[in-house]
Structure formats: C-alpha cells, structure tokens
Amino acid sequence: MLIVRVVFQRIIAALPTLIIVSILAFGLQKILPGDPLLTLAEDDRDPAVLEALREKYHLNDPLAVQYIYWVKQVVRGDLGSSLRTDSPVSELIVQKLPVTLQLSALAMLIALFVGLPLGIIAAVRKGTITEAAVNVVALSGMSVPNFWLGILLIFVVAVQWRLLPASGYVPMSEDFFMALKTLIMPAVVLAAPIAAYLMRHTRSAMLEALNADYVRTARAKGVPAAAVILRHALRNALVPIVTLVTLLFGELMAGAVLTEQIFSIPGFGKLMVDAVFTRDYAVVQGVVLCVAAGFIAMNLLADVLYVVVNPRLRHA
Amino acid sequence: MSVHAAMEVATVEKRRSRTWGKFRRNRIAMFGATLVAFFVVVATLAPILAPYDPLLTNFMAVRQAPSAAWWIGTDELGRDILSRMLFGARASMLAGVVSVTIAMLIGVPLGLLAGYFGGWIDAGISRLTDALLAIPFLILAIALSAFLGPSLSNAMIAIGISVAPRFVRITRGQALTVSAEDYVQSARALGASDSRIIVRHILPNVMAPLIVQATITIASAIIAEASLSFLGLGLQPPDPSWGAMLSIGKSFMVQAPWMSIFPGLAIFLVVLGFNLLGDGVRDALDPRQDT
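Residues numbered from 1 in each chain as written. Chains lettered and ligands numbered in written order. Predicted model: local features only at pLDDT ≥ 70, side-chain atom pairs only at ≥ 80, totals over all residues. Heavy atoms only, no water.

**Examining the packing of helix 4 (residues 81-117) of chain B against helix 5 (residues 119-133) of chain B**
All names here are of chain B.
Thought 1: Where helix 4 meets helix 5, the axes come as close as 7 Å, and the angle between the chain directions of the two elements is 140°. What the angle tells us is that helix 4 and helix 5 run oblique. For the pair helix 4 and helix 5, the sense of crossing is left-handed. Across the interface between the two elements, Leu110, Leu113, Ala114 and Phe117 from helix 4 touch Gly119, Ile121, Asp122 and Ile125 from helix 5.
Thought 2: When grouped by side-chain class, the residues that make up the contact of helix 4 with helix 5 number six nonpolar, one polar and one charged. (Axes fitted to C-alpha atoms, helices over the stretch in contact; angles between N-to-C directions. Helix = DSSP H or I, 4+ residues; strand = E, 2+ residues; numbered from the N terminus. Parallel < 35°, antiparallel > 145°, perpendicular 65-115°, else oblique. Left-handed = near helix turned anticlockwise from the far one by under 90°. Contact = heavy atoms within 4.5 Å. Nonpolar A, V, L, I, M, F, W, Y, C, P; charged D, E, K, R; others polar.)

Written as structure tokens, this is what we have:
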C-alpha cells in the first residue's frame, strides 16, 4: 500500500504550498490601487450605502479575517464574478479549460513523437555529427519565440499553401476533422519547446542508462543492439521522462497563453489575456489560482507515477 | 604569501585556464558567444549604426519592401525597420540583463539563508519558492505586469520576480551541500562568523551553477519581455521593441511579411545565442567531464 501512503504524504506536503499560493492570489487583489467598492457602488456615493457594502463584503475586518472569508468562498467553488460580464469566474474557467486541455494534449502527443526518438538517436550516436545536429535542433526549439513561429506557420501553411485554416476554433463535438485541422498548427507551435525539453532529457537519461552495468551485461551476452537500446536502456530511461511529462504541464499552460492569442482560440490563455486588457482582475486572479492548483496536482501525479513506473520503489 | 596559499592560487589559475580552454574548443558554444557579442555590440552602437531615426515616419514610403534604401523594408508608418530593430535590441538586452539581476538580487541571498541556516528559515523560504514555482513563469509575469501597469521597467520587475525562485532553489541546494563540507565545518570550528562563512566559503562555491543558470535565464527573460511587449505590456509605442514590432507586423503579414520576419528572427538568434552559451559554460564548468 505504498502508493496510498505516497499519495497521502504528498497531499500533506502540498498543503502549505497551496495555502501560500492562495495568500499570494488574495494579496494580488489587495495591492490593487483604488477602492473596489467605488466600482460596485457606481454613482451611489452615499456614505451609509458605502458603509453597508463594506460590512457586506467584510471590508471592515482585518485582512486575515477577510482572507478566511475569501478562502471559504473559494473552497465552495466560488471564485467571484467577472467585473466585466458579471458571469461567475468559475463558470468561465470551466468553459474555457477543455479547449486548452485539448490543445495541450495534442501538443504533448506531437512533442513525444518528435522528442523521444530524437533523444534516443542523440544518445546512441553520442559524439557524432548527428548528436550535434539534434542538439542544435533542440536548442532552436527552445529558443524560437512561439508567437513568431505561429505567425510564420500561418503565413506559409495557411496563406501561401492554403492547406489549413489560419485561425479560429471548432469544437470537436461539432466537426471532428475540422476541429483537428484548426488545432494542428497551434499544437505544433505549442509542442516546439516541449519537444526540445523531452529530447534533451531523453538524451541524458539514455546516456546514463547506456552506461549502466546491465546494458554492458546484455551486450556481453549477445543481445542485439536494437533490443539493448529499446528493451534495456529505454525502459529505464523512461522512468524520469514519465514524471517530466506531468511536470511540463506548467510549460504547456504558459505556452498556451500566446499560442491561443495568435490563433484566436477561445481557451484559458486567451481568457487571461483578455482579462488583463479589460482590467478584469477577478478573472486574472481565478486563472492564476487555477493554474497553480493544477500544477500542484500534476506534481502530486508525478510523484505517484514515479512510484508506479519504478519497480524498485514499488517493492520497497 | 605562504607556500600553501601560492599553491592554492596556482591550482585556481590552472582550473580557470582549463575551463576557458574547454569552452574555446567547443565550437557550438563559441558560436553562441559570437551571437551574444554581436547583439551586445549592435545594441550599444545603435545610434551610430542606424541609417534612419527609428521614430521618423514617412508617409511616402509606407510598407516598402527591402531595397537599397531600406535594407529590410519599412513599416506601416514608413519607419525604417532596420533602425527600429537596432534600437529594439537595446530594450531586449536591457530586459534580459536587468530582470536577471533583479532575480539574483532577490534569489541568491534567500537561497543562501535557506541553505545555510536550515530549520524554519529554510522551511519558510522553500514553501514560498514552491508556491511561486507553481505558477508558470510567463503567467506570473503577465499577471504581475498587468497589476503593475504596462511599461518596460514594470515588465523587467515582473520578469525578475517571476524567475527569482529559480535562483533561490539553485543557491539553496548548493549552499546546503557546501555547508556540510569539511572546510566549512573547520572554518566554523575556528570561530568564523556566519556572515564570513557565507561570503567567503559558500558563495564562491555556488557561483558556477549560478553563472550557468543566469545565462540560460537571460534567454528566457528576453523571450518573456518579447512576449509581454507582443501583448502590449512592455515598452510602449512609438519606442521600438521586437515583440511590439512583431505584434503589429502580424496584421500586415500578407502585404508586408518583412515586418514580422526580421524582428522575430532577431529574438530567435539572440535567445539561441544565450542558450548555446549557457550550454557551453555548463559543459566547461562541469568537473565530471574532466578526464
């Protein structure tokens, strides 16, 4: 029952982090210039009304008490309402999140298909021109600004070749192939740095595995080279890669912000940027809180997966 | 100087020249260093090199294609793109260096304190670091600069705060290891004060990984600044920044592709330069690769 223990331990360990994140998110709202009440009260500047509102929103209480009220609200799933549209922030997030998750999943798939094989090749061909070439490609993937890559792809693939739509979003439930067509370019853009990370980590994990005793033993007893690489070395090298994939969640979310902006995809990232520009702080705060909670959850998952895929720990 | 001290200086010198030698032989790293040097020179000499005033509009020459008069064309207001890019290099390089300096000024002392003293100081600093690292760096930077207001200096502060946790983490880990070393223990036994131990013994041993991290973080800070100014949260128009040029160029991609191709290429090359340089420095400083 090691897994249960690990999950339990990690949840306990994650709690202080989550609490500090919530304090930071709460603090963001408090350092804002201006009195939010004046917006709420609109033209009604009657001191009695303002005082009543202050009482209602607990603004007369000490900050710590205000924070407790706010946390109680958040735990109930109430992240406040958008200052612009008045719709609940949680509803907006629930609406936009699936779009970004689809995009991220597709991007991760592409990154795995590119990053893993390239990483293996670079490790196997260590010290050759191939390794150097793969390294440069990976570093280029990490260095290319994703908004530039997106603009170039739109220009070449959509405008010049007319192969794919330039931007927009179609839900998968409506038209699966059209949805895929609109998602493929943004997913490639989002995948570029992720593929680069995966490639570099696969390469170093493979290098380590290829130097291990069991690989030498396998070679010595005459196991074919391909089998040594795939069955002996890769299997062990994949252990850290599996956890890395979960940890790249944050990278995907950050990349989605600009990618969605360029391809006009109505996801999580675009929600945040639009909120930034309309000074809709409640939404910005909600998005930050959600992403951080998601990241902490993915960390938890990474720890659990590490135990699951690592037999040495499982039987300990 | 005692014989022992002289020998110590000699070893340090030897190690330094070996690191430099290893770095120089690494052609890819040298290419990165050349790219970085090129952009540093360009940013410094922008006023001399620029053929036109970067803010000078010319409505007779709007969106001109690259030619002998405008080497990489003009923008939607007839401004020379080359001149704007030369001056834009300043915003990018400045943002990269200043935000990483801010991050180090916050991160290194906190990391040293956490790693050296341990206990509740470490627990507090580490939890705060974990919390900040849970918010993806670019998202934190966007949120912070939204709250601070759009300008280049606010963007640099936002980026600096957002990347500071990386420096806390690296410094703390390194300080933790070094604190357990024999020479630190003996310094303490000899009665050296905490601050002397931290500055004289721990900080120098933390430097190598910090230099590598700083180089690579400049690369991400430059991309972050370009991203913020692409979104309109960085340097404000009409002052030129590569991110903002791309953002306008995007609307004219079909009629004037040069407006987006070149600023993007510049961001890509300078970031690639810092990444290659960082990789090379890491390999050169890594004692495990010495044979």
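That shown, we press on.
**Quick word on the side chain of threonine 17 of chain A**
Thought 1: If you trace the backbone, threonine 17 of chain A turns up in helix 1 (residues 2-30).
Thought 2: Sequence-distant contacts of threonine 17 of chain A, defined by excluding residues within four places in its chain, comprise Ile296 of chain A together with Arg127, Asp130 and Ala131 of chain B.

**Comments concerning the interface of chain A and chain B**
Thought 1: On the chain B side, the residues contacting the 41 residues of chain A number 42 residues.
Thought 2: In total, about 3700 Å² of surface goes out of reach between chain A and chain B, with carbon and sulfur atoms giving 85% of it.
Thought 3: On inspection of chain A and its partner chain B, the count reaches one salt bridge.
Thought 4: Of the charged contacts in the structure, one is a salt bridge between aspartate 279 of chain B and arginine 200 of chain A, with a shortest N-O distance of 2.8 Å.
Thought 5: For the interface between chain A and chain B, the tally reads four residue pairs in polar contact (both at pLDDT 80 or more).
Thought 6: Breaking the side of chain A that touches chain B down by element, the ones donating at least two residues are helix 1, helix 6 (129-143), helix 7 (146-160), helix 11 (249-262), helix 12 (268-277) and helix 13 (281-309) of chain A. (Buried area = accessible area lost by both parts, 1.4 Å probe. Salt bridge = Lys/Arg side-chain N within 4 Å of Asp/Glu carboxyl O. Polar contact = N/O pair within 3.5 Å; in protein donor to acceptor, adjacent residues only side chain to side chain.)

**Details of the nonpolar core**
Residues and elements named next belong to chain B.
Thought 1: With 151 residues, the main nonpolar core has Ile139, Ile142 and Trp242 as its most contacted residues.
Thought 2: Top element by residues in this core is helix 9 (residues 194-230). It accounts for 17 residues.
Thought 3: Setting aside its immediate chain neighbours within four residues, tryptophan 242 contacts Phe39, Met85, Gly88, Ala89, Ser92, Pro263, Ala266, Ile267 and Val270. (Core = buried A, V, L, I, M, F, W, Y, C linked by side-chain atoms within 4.5 Å. Buried < 20%, exposed > 50% of the residue type's maximum accessible area, 1.4 Å probe, protein only.)

**Some words on helix 1 of chain A**
Thought 1: A rise of 1.5 Å per residue sets the reference length of helix 1 of chain A, with its 29 residues, at 42 Å; its end C-alpha atoms lie 42 Å apart and thus fit the reference within 8%.
Thought 2: Its maximal kink placed at leucine 15 of chain A, helix 1 of chain A deviates by approximately 30°, while the proline proline 16 of chain A follows within four residues.
Thought 3: Taken together, the buried positions of helix 1 of chain A are Val6, Ala14, Thr17, Ile20, Val21, Ser22, Ala25, Phe26 and Leu28 of chain A.
Thought 4: Of the surrounding elements, those touching the buried residues of helix 1 of chain A are helix 4 (63-75) and helix 13 of chain A together with helix 5 and helix 6 (137-148) of chain B. (Expected span 1.5 Å × (residues − 1). Bend = angle between axes of the 7 residues up to and from the residue.)

**Side note on a nonpolar patch on the surface**
All names here are of chain A.
Thought 1: A surface patch of nonpolar side chains, amounting to about 640 Å² of accessible area, comprises Phe8, Ile11, Ile12, Leu15, Leu18, Ile19 and Ile23.
Thought 2: If you trace the backbone, isoleucine 19 turns up in helix 1.
Thought 3: A relative accessible area of 44% means that isoleucine 19 is categorised as partly exposed. (Patch = residues over 30% accessible without salt bridge, like charges linked within 9 Å, V, L, I, M, F, W, Y side chains within 5 Å. Areas by Shrake-Rupley, 256 points an atom, 1.4 Å probe, with all protein chains shown as cover.)

**A word on unusual backbone geometry**
Thought 1: In the segment running from proline 237 of chain B into proline 238 of chain B, the intervening peptide bond is cis, with an omega of 10°.
Thought 2: Structurally, the position occupied by proline 238 of chain B is in the loop between helix 9 and helix 10 (242-251).
Thought 3: Of note, arginine 162 of chain A is a non-glycine position whose phi angle comes to about 55°, a positive value.
Thought 4: In this structure, arginine 162 of chain A sits in the loop between helix 7 and helix 8 (176-210).
Thought 5: Classification of arginine 162 of chain A by relative accessible area gives exposed; the value is 69%.
Thought 6: Its identity is not glycine, yet arginine 63 of chain B carries a phi of approximately 50°, on the positive side.

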